[in-house]
Amino acid sequence: MDNDGHTNEQILQFFDSHPDALPLYERFEERVLSMIPDVKIKVQKTQISFYNRHLFACVSFARVRKKKDCPDIYIVITFGLEYRADSPRIDIATEPYPNRWTHHLLISEMSEIDDELMAWVKEAADFADRK
């Protein structure tokens, strides 16, 4: 077991039906861990959650586009901010609570795990840490 409470075996099980998407997840996890201190990762049935004091991001296979518009290999990265990030990259943004926006992005290429995405995730971690 890693020091953050999950096992690689749990992650492999999570990607059992989507093994080609695992490298996308691994790249995202590596970038999160390199830029945000004290991250805990929790593998759940439908998502892999990233926490500091609170949940700030997760990876899933959530349906954010019609099936015909989804690439064969993808992950969905979800994060929360106190405002609606305005970008054509964001598939869905909802405001479940006032000034708390949940954003979903479909990622299908390594190049999409870029500085813009990671800046949003870092901001989400800072926001979660202040709650």
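This text goes with the structure placed above it.
Residues numbered from 1 in each chain as written. Predicted model: local features only at pLDDT ≥ 70, side-chain atom pairs only at ≥ 80, totals over all residues. Heavy atoms only, no water.

This part takes up the packing of aromatic side chains. Pairs of aromatic rings are described using the distance from one ring centre to the other and the angle between the two planes. This structure, assessed with the given rule, holds 9 aromatic pairs. Grouped by ring-pair contacts, the aromatic residues Phe14, Phe15, Tyr25, Phe28, Phe50, Phe56, Phe61 and Tyr74 constitute a single cluster. (Phe/Tyr/Trp six-rings, centres within 6.5 Å; stacked < 30°, edge-to-face > 60°.)

The next subject is the pairing of strand β5 (residues 92-97). In this sheet, strand β6 (residues 100-107) lies alongside β5 in antiparallel orientation, the contact comprising 4 bridges. Bridged to Ile92 within β6 is His104. Linking β5 back to β6 in an antiparallel pair, the connection comprises 2 residues, with Asn99 at a positive phi of about 60°. (Pairing = 2+ DSSP bridges. Helix = DSSP H or I, 4+ residues; strand = E, 2+ residues; numbered from the N terminus.)

This part is about the pattern of salt bridges. Tallying each qualifying case throughout the model produces 8 salt bridges. For Lys68, the salt bridge goes to Asp69, with nearest N and O atoms at 3.4 Å. Given a relative accessible area of 41%, Asp69 falls into the partly exposed group. Look at the salt bridges and you will find they share partners, linking Arg89, Asp114 and Glu116 into a network. (Salt bridge = Lys/Arg side-chain N within 4 Å of Asp/Glu carboxyl O. Buried < 20%, exposed > 50% of the residue type's maximum accessible area, 1.4 Å probe, protein only.)

Another point: the side chain of His103. Looking at where His103 falls in the secondary structure, it is placed in strand β6. Among the polar contacts made by the side chain of His103, one reaches the main-chain carbonyl oxygen of Trp101 at a distance of 3.4 Å. (Polar contact = N/O pair within 3.5 Å; in protein donor to acceptor, adjacent residues only side chain to side chain.)

Although it is not a glycine, Asp38 sits at a positive phi angle of roughly 55°. We note that Asn99 has phi near 60°; this positive angle belongs to a residue other than glycine. Mapped onto the secondary structure, Asn99 falls in the loop between β5 and β6. Asn99 sits in the exposed class, given a relative accessible area of 53%.

A few words now on the sheet that holds strand β3 (residues 55-60). Reading across the sheet, the 6 strands line up as β1-β2-β3-β4-β6-β5 and stay open at both edges, with antiparallel pairing between neighbours. Edge positions in the open sheet fall to β1 (40-43) and β5, since each of these has one partner strand only. Each neighbouring strand pair of the sheet contributes to a mean axis angle of 20°, computed without reference to strand direction. Strands in contact with helix α2 (residues 22-35) are β1, β2 (47-51), β3, β4 (75-81) and β6; relative to β2, the strand with the most contacts, it is inclined by about 10°. Sheet strands in contact with helix α3 (residues 115-130) are β3, β4 and β6, and its direction is about 45° off that of β4. (Axes fitted to C-alpha atoms, helices over the stretch in contact; angles between N-to-C directions. Contact = heavy atoms within 4.5 Å.)

Turning next to the side chain of Ser87. For Ser87, the position within the fold is in the loop between β4 and β5. Apart from the residues within four sequence positions on either side, Ser87 is in contact with Glu116 and Trp120.

In this structure, Glu116 sits in helix α3. Here Glu116 falls in the partly exposed class, since its relative accessible area comes to 38%. Glu116 has contacts with Ser87 and Arg89, leaving out every residue within four places of it along the chain.

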